[in-house]
There are 2 protein chains.
Amino acid sequence: MKKMNLKPMLKPESVAIIGASRDPDKVGHVILQNYINAGYPGRLYAVNVKSEEDILGVKTFKSVLDIKDKIDLAVISIPAQFVPAALEECGKAHVKTAIVVSGGFSEVGETELQEKLVEIAEKYGMPTLGPNCLGVMDPRSRIDTLFLPTYKLSRPAVGGVSFVCQSGAVGSTVLDLISGEGFGLSKFISYGNAAHVDEVDLLNYLMEDEETKVIIMYIEGIKRGHEFVEVARKITKKKPVIVLKAGRTSAGMSAAHSHTAALAGNYEAHEAVFRQFGFTIAEDLSELLYFAKILDSEKYPHGGRVAIITNGGGTGVLCADAIGSNPDLTLAELSDSVKRDLRKSMPPLVNIRNPLDLAGDAEEVRYGKALETVGNDENVDMLLVIILFQTPGADSRVAAKMVNMKDRLGKPLIVLSIGADYTRMHRIMMESAGLPVYDSPASAVKSLAELLKYARYKERK
Amino acid sequence: MKKMNLKPMLKPESVAIIGASRDPDKVGHVILQNYINAGYPGRLYAVNVKSEEDILGVKTFKSVLDIKDKIDLAVISIPAQFVPAALEECGKAHVKTAIVVSGGFSEVGETELQEKLVEIAEKYGMPTLGPNCLGVMDPRSRIDTLFLPTYKLSRPAVGGVSFVCQSGAVGSTVLDLISGEGFGLSKFISYGNAAHVDEVDLLNYLMEDEETKVIIMYIEGIKRGHEFVEVARKITKKKPVIVLKAGRTSAGMSAAHSHTAALAGNYEAHEAVFRQFGFTIAEDLSELLYFAKILDSEKYPHGGRVAIITNGGGTGVLCADAIGSNPDLTLAELSDSVKRDLRKSMPPLVNIRNPLDLAGDAEEVRYGKALETVGNDENVDMLLVIILFQTPGADSRVAAKMVNMKDRLGKPLIVLSIGADYTRMHRIMMESAGLPVYDSPASAVKSLAELLKYARYKERK
């Protein structure tokens, strides 16, 4: 399989924004402004056929051919009919990679126009992303081609999750959610119509990318089945891939075709491939995030026995139910010595069992002792700690305790905290410190099960 | 079936807080403070055996017997062993109803102590809620027995949803979520061990309560099966009831028993009863809220044909998939005249189909025209409008447009908006105005299906 070199696209030392504009309503303006705001440290150029002067203080040219510098990446945002000529100029100027943000190609029936782009990209050996996409974001190299303003779409912190997304809309919402939750991003790549660079190329690149620990994907169609299987077979042995595939139903398939001109294909066939090669399958947008955060923690369980520690009885019951309904998980049977230790350290009203209900007045000391004791039980593979911040004892000290203890535990630990503002504040605080936090019993328990499934797949030779 | 008069508990003209305390760490202090903060307009008294002076400026007595006033409600928060004597005094003082907040009864094996409470309550004909509960909250009558401070647990606005909850923990988190989302509460009743007042009594009361439009319930065990069936048969013809039943699995059942001493019983049997009598069944905590907000809008569909209007193609595809996978729903086939009208009013790049993708630059005018036209299509029963606020065109004017148009539409309308802070602000704004807003394709579509199911049950004679 021919591999594309996507490094100049994701780690460019020089960028030209073609279609840069002085008009704040133009996409080319927002993109240029975002590069400036993100503090892009490389060499930045603007291209505008009509421009006589610099735009936003950035050196501006009438054509990319006029730039006397080697360009790693050209970001093209001009009306569709002018894109082929601009791309041709990029090729002639030895630009290494290109991103076509503009829409107006296959997705509206303009397949010939799109084919022209592919011809040019091939002729010059210039990997070209899009068209009809948001482009890329990499907080480490401070590149940001997204034309969505930061007050509407906040940008995530640096982290280990890379997100490959065929849809700009889905991409932008998930990106916004990632930043809202406080966990970090490695790369965001919206690839739209996938005319040239497609999911196979992106997975090949991210498989070898050391900054990427987990990959999440939203895909509408897979064009190169054989090549996809080839990379799928290898990638999940190296790192987890979570996939949300649109077009599960005929209603969705037809909608996908009109969206990115994707041929969604038979979902069952796709799902069989995903399962065979250890992909983690998301059934809803929210699951992309739920599964990403637990897999990003890179701590794998040896079995499915879960211990629950809680300061709210009912929430513990609901989690026990969710575990009881999951074929891969069981409620751990605490060992006798652990029970004896707990009996000594817990107040008399605490019932020594799993779920362990610490009661509403549990504070950092009680939580700490419980987690330390239960966490060392050899009958326990994974820990689910419920912290309801509405209760009198729960506060930032409990949250900090969990964060501090997480690295000392040799086992996966997740937190469930449900509530509004006061809770949300603590959720973000724990999540930012690398502790996966959930907001419902179902999502927490399902994430534990998916972590176990991936751990088992990875162990298999 | 003997009906209890719970009005003095929920609409008390006079309240005595037994166990009121000057110590801010005591439950009795927080409860008294909450009554004061909530601006309770009735006559408020404090009772403390040791107190010589008034507490928090409230007239304080050594015993409820010393109060020369008729007391509608006594809220008791003192150590368990002293509760029977205090309750006996309430009976002698002709107190009409009581809430025992204190724990330390059946849930820790103290069944005799709990039976004493029931005897006293029965002897005096004094409906008694609890023990081991959070008590009640009614924003209309400004009563708030919750001992959880408002900075941790924000209180919801006045609305139509009443929440009957056996678990204090579950209750407090859901209450916090309700207030965080911006939709309103009629009554919150946490009934703990259900020693005297139980779910049957509460449903009987709420069935006739004009302020209650929708009931959500979290229950661990049902003690009086026959009586429950009797009220279940009647109540769902009047108003929807959404139920989350713990103890679906043996793991959950055993956990529930140790929590509120509930005998969870066979889940399948319970579920059969719920289904037979048109209860809406929640499978996770989050579904209590998802279903409550759509049922609270009291607008019922005549069929399952859904139209999707979106400013993000991929999110439309995911919703189409969710509809395609739901046996009760279909993607509506827009009528020819509606398609013609849309072709005239929409920009050329908009593909006239369902989902209707208005594109990323859609603003209030385009949204308004689309909703007006599609909303009047006789082939459409329900509307799902996706507003991704990350896009250039979406802002508060689009949100306001949806709110304004909702009442003019004779059909159910819900919104799906996914994202962080900027999105959340708009979600709350729309939700507060009575428009149900969702945060994932799966939850939005499942809620439409549950609305349809209830509408069909209600229509049946």
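Residues numbered from 1 in each chain as written. Chains lettered and ligands numbered in written order. Predicted model: local features only at pLDDT ≥ 70, side-chain atom pairs only at ≥ 80, totals over all residues.

## Re the packing of helix α3 (residues 83–92) of chain B against helix α4 (residues 111–124) of chain B
Residues and elements named next belong to chain B. One way to put it is that α3 packs onto α4 with a least axis distance of 10 Å and a crossing angle of 0°. One way to sum up the angle between α3 and α4 is to call them roughly parallel. Across the interface between the two elements, Val83, Pro84, Leu87, Glu88 and Gly91 of α3 pack against Leu113, Lys116, Leu117, Ile120, Lys123 and Tyr124 of α4. Taken together, the residues of the contact of α3 with α4 sort by class into seven nonpolar, one polar and three charged. (Axes fitted to C-alpha atoms, helices over the stretch in contact; angles between N-to-C directions. Helix = DSSP H or I, 4+ residues; strand = E, 2+ residues; numbered from the N terminus. Parallel < 35°, antiparallel > 145°, perpendicular 65-115°, else oblique. Contact = placed C-beta atoms within 7 Å. Nonpolar A, V, L, I, M, F, W, Y, C, P; charged D, E, K, R; others polar.)

## Let's talk about the relation of the copies chain B and chain A
For the match of chain B to chain A, the screw axis carries a shift of 0.0 Å, the RMSD comes to 0.0 Å, and the turn is 180°. Each copy turns onto its partner about a two-fold axis. Among all C-alpha atoms of chain B, that of B:Asp421 lies closest to the rotation axis, at 5.8 Å. Comparing interface residues between copies, 100% of those in chain B also sit at the interface in chain A, which points to an isologous, same-surface contact. (Least-squares fit on C-alpha atoms with pLDDT ≥ 70 in both.)

## Details of the nonpolar core
Among the nonpolar cores identified, the biggest contains 316 residues, and A:Ile76, A:Leu384, B:Ile76 and B:Leu384 are the most heavily contacted of them. Beyond its immediate stretch of four places on either side in the chain, B:Ile76 contacts B:Ile18, B:Gly19, B:Val83, B:Ala86, B:Leu87, B:Ala98, B:Ile99, B:Val100, B:Val101 and B:Ser102. (Core = buried A, V, L, I, M, F, W, Y, C linked by C-beta atoms within 7 Å. Buried ≥ 20, exposed ≤ 12 C-beta atoms within 10 Å, placed from the backbone.)

## Quick word on the confidence of the model for chain A
Averaged over all residues, the pLDDT of chain A is 93; the fraction at 70 or higher stands at 98%. Confidence metrics for the complex model read pTM 0.93 and ipTM 0.92. (pLDDT = per-residue confidence, 0-100.)

## Some remarks on the sheet that holds strand β6 (residues 128–129) of chain A
Residues and elements named next belong to chain A. Strand order in the open sheet formed by six strands is β3-β2-β1-β4-β5-β6, with parallel pairing between adjacent strands. With partners counted over all chains shown, the strands left at the sheet margins are β3 (60–61) and β6, one partner each. Summarising the sheet, strand β5 (residues 97–100) and β6 pair through two bridges and their orientation is parallel. Along β6, the bridge assignment pairs Ala98 with Thr128. Contacting β1 (14–18), β4 (73–76), β5 and β6, helix α3 (residues 83–92) crosses the sheet at an angle of about 170° to β4. (Pairing = 2+ DSSP bridges.)

## Digging into the domain arrangement of chain A
Residue and element names in this part refer to chain A. Assigned domains of chain A: these are domain 1 (1–130), domain 2 (153–296) and domain 3 (299–459). Elements with a minimum of two residues in the side of domain 2 that touches domain 3: α7 (225–238) and α10 (285–296). Residue contributions to the side of domain 2 that touches domain 3 peak at five residues, all from α10. (Domains from an automatic or database assignment.)

## What to know about the environment of B:Pro84
All names here are of chain B. Note on placement: Pro84 falls in helix α3. Sequence separation between Pro84 and Asp144 is 60 residues; the distance between their C-alpha atoms is 23 Å. Once residues lying within four places of it in the same chain are set aside, the contact partners of Pro84 are Leu113, Lys116, Leu117 and Ile120.

## Some thoughts on the interface of chain B and chain A
Contacts between the two partners involve 63 residues from chain B, matched on the other side by 63 residues from chain A. Every element with two or more residues in the side of chain B that touches chain A is listed here: α5 (168–181), α8 (250–260), α10 (285–296), α11 (313–324), α15 (421–432) and α16 (441–459) of chain B. Tallying contributions element by element places α11(B) first for the side of chain B that touches chain A, with 10 residues. Partitioned by chemical class, the residues of the side of chain B that touches chain A number 27 nonpolar, 27 polar and nine charged.

## Here's the deal with the sheet that holds strand β13 (residues 280–281) of chain B
Residues and elements named next belong to chain B. The mixed open sheet is built from seven strands, whose spatial order is β8-β7-β10-β9-β11-β12-β13. Each edge of the open sheet is held by one strand with a lone partner, namely β8 (143–144) and β13. Bridge count for strand β7 (residues 135–138) against β8 is two bridges, and the pairing is antiparallel. Across the sheet, residue Met137 finds its bridge partner in β8, namely Asp144.

## Notes on unusual backbone geometry
A cis amide bond links A:Gly130 with the next residue in sequence, A:Pro131, at an omega value of -10°. Relative to the elements of secondary structure, A:Pro131 occurs in the loop between β6 and β7 (135–138). In this structure, the amide linkage connecting A:Asn354 to the following residue, A:Pro355, adopts the cis form with an omega of 0°. Along the chain, A:Pro355 turns up in the loop between α12 (336–345) and β16 (356–357). Despite not being glycine, B:Leu56 has its phi angle at roughly 50°, a positive value.

## With respect to the environment of A:Met405
Residue and element names in this part refer to chain A. With respect to the secondary-structure elements, Met405 resides in helix α14 (residues 396–406). Among the residues examined, Met405 registers 18 C-beta atoms within 10 Å and is labelled partly exposed. Separated by 33 residues in the primary sequence, Met405 and Glu372 have C-alpha atoms spaced 8.0 Å apart. For Met405, the contacting residues outside a window of four places in its chain are Gly368 and Leu371.

## What to know about the packing of helix α5 (residues 168–181) of chain A against α11(B)
Where α5(A) meets α11(B), the axes come as close as 5 Å, and the angle between the chain directions of the two elements is 95°. As judged from the angle between their axes, α5(A) and α11(B) are roughly perpendicular. On α11(B), the residues that touch A:Ala169, A:Val170 and A:Thr173 of α5(A) are B:Gly313, B:Gly314 and B:Thr315.

## What to know about helix α13 (residues 364–375) of chain A
An α-helical turn contains 3.6 residues, so any two residues separated by three or four positions project in the same direction. Residue and element names in this part refer to chain A. The end-to-end C-alpha separation of α13 is 16 Å, in line with the 16 Å expected for 12 residues at 1.5 Å each. When α13 is considered as a whole, its buried residues turn out to be Arg366, Tyr367, Ala370, Leu371, Thr373, Val374 and Gly375. The inward-facing, buried residues of α13 contact β14 (305–310), α12, β16, β17 (382–386) and α14. (Expected span 1.5 Å × (residues − 1).)

## As for the pairing of β17(A)
Residues and elements named next belong to chain A. Among the five residues in β17, five count as buried, and that is most of the element. Burial along β17 is two-sided: the face carrying Met382, Leu384 and Ile386 and the face carrying Leu383 and Val385 are both buried. Where β14 and β17 come together, five bridges link them in parallel fashion. If you follow Ile308 over to β17, its bridge partner there is Leu384. Note that β17 and strand β18 (residues 413–416) share four bridges and pair parallel. Following the sheet pairing, Leu383 is matched in β18 by Leu413.

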